[in-house]
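Here is how the chains run, residue by residue.
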Amino acid sequence: MSGEASIGSFDVSDLNDGWHISAWSADGDEISLEEGDEIRLPCRPNLPLGTDMLITNTLPEGIKDGMQLSFRTAMEDVEISIAGKLRSSYISEELPNKDYYLPSAYVVVELHDDAGQEVEIHVKNKSTPVLNGVTLGYGANVWSPVLHHYLIQVFFAVDTIILGCLTAILCFLIRKKVESRPILFLGLLIMVVASGCLVSPI
């Protein structure tokens, strides 16, 4: 089936070598990097705050229809283009009720017959410059390294959210017998903290 890996296979590959970087200041002036324009992901470029970065590479020959490319943001605006066409973006202007500093997220691009095409990732830096790695895989397989790495943390965070929900339900059950607002606030606090633990590191 198109877009799916072989049965029992969760293999992914990295596209972290061979990237070339260009950078511009907030005023639009091009910035020269002392270490040269070739980089390996992930990395922390020695660039000032507010720098616009463009990294480019060539997609490998093994790219097939149904594969995906995943790139993790770090509180920055990101646009991903392939063969000069915008495929996916995660920028403040496109999202309603979002602050200037966007939460970190994974930007996923559907790939087709894109082998040998140039991929461009435009990053508008808003904090310490960070460029995370790029992952390639079939279908939802690009998420398997994330889940594997954070599985225990996700498990405990979900359990804690459930505990918070149960605490809030208990509040409603005993509200006529005792003062239940502190219990409700405790349950809500538990859910907020657990939700932050769930999404922030990932």
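Note that residues are indexed from 1 along each chain, following the sequence as it is written. Under the rules for a predicted model, residues below a pLDDT of 70 receive no local features and side-chain atom pairs below 80 are neither given nor counted, while totals for whole chains, interfaces and linings still include all residues. As a rule here, side-chain values come from all non-hydrogen atoms in the structure, and water together with hydrogens is ignored.

Asker: Quick rundown of the pairing of strand β9 (residues 106-110)? Include the residues and the values.
Answerer: Exposure is judged per residue with a 1.4 Å probe applied to protein chains only, and the accessible area is read against the type maximum: over 50% gives exposed, under 20% gives buried, and values in between give partly exposed. Every helix listed is a DSSP run of H or I at least four residues long, and every strand listed is a run of E at least two residues long, numbered separately from the N terminus. Side chains of β9 alternate between two faces, with Val107 and Val109 buried and Tyr106, Val108 and Glu110 left unburied. Being paired, for any two strands, means DSSP has found at least two bridges between them. With five bridges connecting them, strand β6 (residues 67-72) and β9 associate as antiparallel partners. Looking at the pairing, Gln68 lines up with Glu110 of β9.

Asker: Residue-level account of a nonpolar patch on the surface, with values.
Answerer: A patch consists of residues exposed above 30% relative accessible area that lack any salt bridge, with like charges linked at up to 9 Å and nonpolar side chains (Val, Leu, Ile, Met, Phe, Trp, Tyr) linked at up to 5 Å. With residues, only the protein chains shown are counted as cover, and all accessible areas are computed by Shrake-Rupley using a 1.4 Å probe. Put simply, a salt bridge is a Lys or Arg side-chain nitrogen that is within 4 Å of an Asp or Glu carboxyl oxygen. Among the surface-exposed residues, Val158, Ile162, Leu166, Ile169, Leu170 and Leu173 lie close enough to one another that they form a single nonpolar patch of about 560 Å² accessible area. Given a relative accessible area of 45%, Ile169 falls into the partly exposed group.

Asker: Residues and numbers for the pattern of salt bridges, please.
Answerer: A complete count under the given rule lists three salt bridges for this structure. The residue Asp17 makes a salt bridge to Arg40 at a minimum N-O spacing of 2.6 Å. Remark: Arg40 occurs in the loop between β4 (38-39) and β5 (52-58) and Asp17 occurs in the loop between β1 (12-14) and β2 (19-24); sequence separation between them is 23 residues. On the basis of relative accessible area, Asp17 is assigned to the partly exposed category, the value being 46%. Across the pair Asp114 and Arg87 runs a salt bridge, and its minimum N-O distance is 3.0 Å. Of this pair, Asp114 sits in the loop between β9 and β10 (118-124) while Arg87 sits in strand β8 (residues 85-90), and the two are 27 residues apart along the sequence. With relative accessibility at 7%, the residue Asp114 sits in the buried group.

Asker: Explain the environment of Pro182 to me, and be specific about the residues and the numbers.
Answerer: Mapped onto the elements, Pro182 comes out in helix α2 (residues 181-199). Linking Pro182 and Cys171, residues 11 residues apart in sequence, is a C-alpha distance of 8.6 Å.

Asker: Go over the sheet that holds β1 with me, naming the residues and quoting the values.
Answerer: The antiparallel open sheet is built from four strands, whose spatial order is β1-β11-β6-β9. Whereas interior strands pair on both sides, the edge strands pair on one side only; in this sheet they are β1 and β9. Strand-to-strand twist of the sheet, defined as the mean angle between neighbouring strand axes without regard to direction, takes the value 25°. Relative to strand β11 (residues 134-138), β1 runs antiparallel, the two sharing three bridges. Bridge pairing links Asp14 to Thr135 in β11. Lines are fitted to the C-alpha atoms to define the axes, a helix being fitted only along its stretch in contact, and any angle between axes, read from their N-to-C directions, falls within 0 to 180 degrees.

Asker: Give me the lowdown on the packing of aromatic side chains, citing residues and values where you can.
Answerer: Pairing of aromatic side chains requires ring centres within 6.5 Å, counting the rings of Phe and Tyr and the six-membered ring of Trp. Pairs whose planes differ by under 30 degrees are stacked, by over 60 edge-to-face, and all others tilted. Taken as a whole and judged by the stated rule, the model has two aromatic pairs. Measuring from ring centre to ring centre gives 5.4 Å for Tyr106 and Trp143, while their planes differ by 70°; the resulting arrangement is edge-to-face. With Tyr106 in strand β9 and Trp143 in the loop between β11 and α1 (144-173), this pair connects stretches of sequence that are 37 residues apart. A centroid spacing of 5.6 Å and a plane angle of 75° characterise the contact between Phe155 and Phe156, whose relative ring orientation is edge-to-face.

Asker: Go over the nonpolar core with me, naming the residues and quoting the values.
Answerer: Residues belong to one nonpolar core when they are buried, are Ala, Val, Leu, Ile, Met, Phe, Trp, Tyr or Cys, and are joined through side-chain atoms within 4.5 Å. In this structure, Trp19, Leu69, Ile80, Leu111, Val119, Ile121 and Leu131 are the most contacted members of the largest nonpolar core, which totals 32 residues. Among the secondary structure elements, those contributing two or more residues to this core are β2, β5, β6, β7 (77-82), β9, β10 and β11. Ignoring any residue separated from it by four or fewer positions in sequence, one finds Trp19 in contact with Asp37, Glu38, Ile39, Leu41, Ile55, Thr56, Asn57, Val119, Ile121 and Val134. Residues are treated as being in contact if the distance between any of their heavy atoms lies within 4.5 Å.

Asker: If you had to explain the pairing of β7 to someone new, which residues and values would you point to?
Answerer: Within β7, five of the six residues are buried, leaving the element largely enclosed by the surrounding structure. As defined by bridge partners, β7 adjoins β8 across five bridges and the pair is classed as antiparallel. Paired with Glu79 across the bridge in β8 is Ser89. The loop that links β7 with its antiparallel partner β8 comprises two residues; one of these, Ala83, has a positive phi angle of about 55°.

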